[in-house]
Amino acid sequence: MDRYRTQQIGFAVMSLSAIVVVAPIMIVIGIVLVEGARAISWGFIFSMPYEGMKEGGIFPAIVGTLILTVGTAVAAIPVGVAGTVYLAEYAGDTWITRAIRLAIVNLAGIPSIVYGLFGLGMFVLFLHMGTSILAGVLTLAIMTLPVIMSTSEEALRAVPMEFRTVSASLGGTRWQAVRYIVLPQALPGIITGIILGILRAAGETAPILFTVAAFYLPRLPQTPFDQVMALPYHLYVISTQVPAMPIRVQYGTALVLLFIVLSMNVAATALRSYFRRRRQW
Amino acid sequence: MVEPKIVVDGVNYFYGSFQSLCNITMEVPPRSVTVFFGPAGGGKSTLLRLINRLNDMVENTRMTGRVLLDGQNIYDPGANVPNLRRRVGMVFALPLPLPGTVRENVTYGLKLAGCRDRGRMEETLVRSLTQAALWDEVKDRLDNPANSLSGGQQQRLCIARSLALEPEVLLLDEPTSGLDPISTRKVEESLNYLKKLYTIIIVPHSVQQAARVADQAAFMLMGDLIEFRPSAEIFTTPADSRTEGYITGRFG
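The numbering scheme is per chain: residues are counted from 1 as the chain's sequence reads. Just so you know, chain letters begin at A and ligand numbers begin at 1, following the order they were written in. Where local features are concerned, this predicted model is filtered to residues with pLDDT of at least 70; where side-chain atom pairs are given and counted, the filter is 80 or more; whole-chain, interface and lining totals use all residues.

**Remarks on the overall build of chain B**
Counting secondary structure elements, chain B contains ten helices and ten strands. Taken along its principal axes, the extent of the C-alpha atoms in chain B is 50 × 45 × 40 Å. Looking at chain B as a whole, 45% of its 252 residues are labelled buried. Here the analysis covers contacts within chain B between residues at least 6 apart in sequence; of these, 68% occur between residues at least 24 apart. The secondary structure listing takes helices from DSSP runs of H or I that are at least 4 residues long and strands from runs of E that are at least 2 residues long, numbered from the N terminus. Exposure classification rests on a simple neighbour count of other C-beta atoms within 10 Å of a residue's own: a residue reaching 20 or more is buried, one at 12 or fewer is exposed, and one in between is partly exposed. C-beta atoms are placed from the backbone. Residues are defined as contacting one another if the C-beta atoms placed from their backbone atoms lie within 7 Å.

What follows is the structure, encoded as structure tokens:
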């Protein structure tokens, strides 16, 4: 077989693989879009559910998901980034830091239900937070931290060592090198980690199942110790737990969740490419 | 006899169990060009980096002995290392511009020192780029990215960046190894001018360069200082046969 033929077959196989990967995603999004669009209305998005959630809107679940997502970002980003800077730039290479790194990489991969159970034991019961926004946010933050930390550490280590040496040779402290050179250079990579982590938190059901999610709560939360409804859990509930639920409500809910997650993704990607353009070398 | 600017006093240096410098003792006079030369692996760069404590950043190393700058041991436990590095500047073998513009590169050291005075920064920018023989080439491109300059220009930018801090000592580690002959000549010419102001120590990238720029030269071999004498003597009538062998090209 000649080389040209081999190349053609190779390209065909790769194109086919790409289609196999992309097609199901497009089909799922397409169906959710078409079916969900019929449910979407002003009232669906901005009103409370009633009649056992069969009628009315999903406003409390939307608000709940937004609160949980923003809360997770507020709790996880500062700790995650600061912890990573310490690990990558200050901590030496000892067996303790190696064990911590190994733990971070492994924690990024464990199933989310495990975080849910940990949150139940730690925050809801042991720390007496009850089933509350606070407990849910902290559980989601704990789940998000390893993702933020492992990708951020990669980004920090990708900044050439020479920049730190040059900065030191000009009388800079370690912190000044981090502040003026390393962090700005690593920022696009760190933002990628944050996007991945926070989006996972926004779409997860298991971690909020025992820690914050309300089955049916047609009002908005007043304090961090209230429960909230959340879109992923709501979707689970109306798909499996409520008999005779109209299918368009299910698709409508899925579409709203999809829209929130995708638009956050787009916003974060735009932010990342903005910082990437500003970076010069 | 003028007071020496730098005194290296009985320095031994180890990377792990490997001894990189063996009992080095020397006195470097001020406002002149001192050259450390010899074959690769002789400890030249290590000795150079000891003078502004850049070796601190390498793990698993050990040092004994003292290095005095104006009579003060820079390895005293209470020594202010960032301050030392402002007094003892360093230029590396490869041009290493930092991310950012030409202007940001030159004024970076001042920013680190806490200077926020626009006027002083502007003054420093012009002075140090002029001293590094780069001003005419970049005066219209001060806000371009530093890595848009040619390799030779980048290296002179790095020299300007060190000069911005008006260091008392300037260390150069094979500063022209990546440069073409014309850029090399420009750098050497600026050294000739700069030695009137600063104490310069350079690891040259060839014996010829050593002979061209040196006022005094130290020949280093496998961690030992073989001889350290005025350049008029060491390059014409070396005292040690190993120095002579290296200069005449029999080894190295």
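What follows picks up the thread again.
**Looking at the overall build of chain A**
A count of helical and extended segments in chain A gives eleven helices and two strands. Going from the N terminus to the C terminus, chain A shows its helices and strands as α-α-β-β-α-α-α-α-α-α-α-α-α. Along the first, second and third principal axes, the C-alpha set of chain A runs to 70 × 65 × 35 Å. Evaluated residue by residue, chain A yields a buried proportion of 41% over its 281 residues. A fraction of 77% describes how many contacts in chain A between residues 6 or more apart in sequence connect residues 24 or more apart.

**What to know about the interface of chain A and chain B**
Taken together, the contacts link 16 residues of chain A with 20 residues of chain B. For the side of chain A that touches chain B, the secondary structure elements donating two or more residues are α7 (161-169) and α8 (174-203) of chain A. Here the element with the most residues in the side of chain A that touches chain B is α7 of chain A; it accounts for six residues. When residues are sorted by character, Ala, Val, Leu, Ile, Met, Phe, Trp, Tyr, Cys and Pro go into the nonpolar class, Asp, Glu, Lys and Arg into the charged class, and all the rest, Gly among them, into the polar class. Among the residues making up the side of chain A that touches chain B, the classes are represented as six nonpolar, eight polar and two charged.

**Some points on the sheet that holds strand β2 (residues 18-28) of chain B**
All names here are of chain B. Pairing between two strands requires that DSSP report at least two bridges joining them. Strand order in the open sheet formed by four strands is β2-β1-β4-β5, with antiparallel pairing between adjacent strands. Edge positions in the sheet fall to β2 and β5 (72-73), since each has one partner strand and no second. Judged from the eight bridges that link them, strand β1 (residues 6-15) and strand β4 (residues 61-69) form a sheet pairing that is antiparallel. Directly across from Y15, in β4, lies its bridge partner T61.

**What to know about the pairing of strand β3 (residues 33-37) of chain B**
All names here are of chain B. Most of β3 sits inside the fold, with five of its five residues counted as buried. Burial along β3 is two-sided: V33, V35 and F37 facing one way and T34 and F36 facing the other are all buried. Sheet analysis places β3 next to strand β8 (residues 199-203), joined by three bridges and oriented parallel. Residue V33 lies in a different strand from β8, and its bridge partner there is I200. Here β3 pairs with strand β9 (residues 216-221) via four bridges, running parallel. By the bridge assignment, V35 is partnered in β9 with A217.

**Looking at helix α4 (residues 118-131) of chain B**
All names here are of chain B. In this scheme, a helix's expected span is set at 1.5 Å multiplied by one less than its residue total. Between the first and last C-alpha of α4 there are 20 Å, a value that for 14 residues agrees with the 20 Å anticipated at 1.5 Å per step. Those residues of α4 that are buried lie in contact with α3 (102-112), α5 (135-138), α6 (151-163) and α7 (181-194). Just downstream of α4, A133 is the residue with a positive phi angle, here 60 degrees.

**Brief notes about the pairing of β9 of chain B**
All names here are of chain B. When you tally the buried positions in β9, you get five out of six residues, the bulk of the element. For β9 and strand β10 (residues 224-230), the ladder comprises six bridges, and the chain directions are antiparallel. Each residue of the ladder has a partner; that of Q216, found in β10, is P230. Turn length for the β9-β10 hairpin, with the two strands adjacent in sequence and antiparallel, is two residues, and the turn residue M222 shows positive phi of about 50 degrees.

**Focus: the packing of α7 of chain A against α8 of chain A**
All names here are of chain A. Between α7 and α8, whose axes approach to 10 Å, the crossing angle comes to 135 degrees. In terms of orientation, α7 lies oblique with respect to α8. Remark: the crossing between α7 and α8 carries right-handed chirality. Contacts between α7 and α8 involve F163, R164, S167 and A168 from the former and Q176, A177, I181 and V182 from the latter. For helices, the fitted axis covers only the stretch in contact; all axes are lines through C-alpha atoms, and the angles between them, taken along N-to-C directions, range from 0 to 180 degrees. Roughly parallel means an angle under 35 degrees; roughly antiparallel, over 145; roughly perpendicular, 65 to 115; everything else is oblique. Throughout, a crossing is termed right-handed when the near helix is turned clockwise from the far one, and left-handed when it is turned anticlockwise from it by less than a right angle.

**Observations regarding the sheet that holds strand β6 (residues 88-91) of chain B**
All names here are of chain B. Reading across the sheet, the six strands line up as β6-β7-β8-β3-β9-β10 and stay open at both edges, with mixed pairing between neighbours. The open sheet terminates on both sides in strands that have one partner only, identified here as β6 and β10. The average angle at which neighbouring strand axes cross in this sheet is 15 degrees, direction not considered. Alignment of β6 against strand β7 (residues 169-173), held across four bridges, turns out to be parallel. Across the sheet, M90 pairs through a bridge with L171, a residue of β7. In the packing of α6 onto the sheet, the strands contacted are β6 and β7, and the crossing angle to β6 comes to about 170 degrees.

**Some words on the nonpolar core**
A set of buried residues qualifies as a nonpolar core if it consists of Ala, Val, Leu, Ile, Met, Phe, Trp, Tyr and Cys joined through C-beta atoms within 7 Å. Grouped together as the largest cluster of nonpolar side chains are 145 residues, with contacts concentrated most on A230 of chain A together with V35, F36, I51, A160, L171 and I201 of chain B. The element contributing the most residues to this core is helix α6 (residues 133-157) of chain A, with 15 residues. Beyond its immediate stretch of four places on either side in the chain, L171 of chain B contacts L48, I51, N52, V88, G89, M90 and I201 of chain B.

**Here we look at the packing of helix α3 (residues 59-90) of chain A against α8 of chain A**
All names here are of chain A. With their axes 9 Å apart at the nearest point, α3 and α8 run at an angle of 140 degrees to one another. α3 and α8 meet at a crossing whose hand is right-handed. Facing α3, whose interface residues are T65, T69, T72, A73, A76, I77, V81, V85, E89 and Y90, α8 presents R174, V178, V182, I190, I194, G197, I198, A201 and A202. Broken down by class, the residue content of the contact of α3 with α8 amounts to 13 nonpolar, four polar and two charged.

**Brief notes about unusual backbone geometry**
A positive phi angle, close to 55 degrees, is found at H128 of chain A, a residue other than glycine. Locating H128 of chain A in the fold gives a position in the loop between α5 (112-126) and α6. The class of H128 of chain A is exposed, set by 8 C-beta atoms lying within 10 Å. Phi is positive for A133 of chain B, which is not a glycine, with a value near 60 degrees. Tracing the backbone shows A133 of chain B in the loop between α4 and α5. By C-beta crowding, A133 of chain B is classed as buried, having 20 other C-beta atoms within 10 Å.

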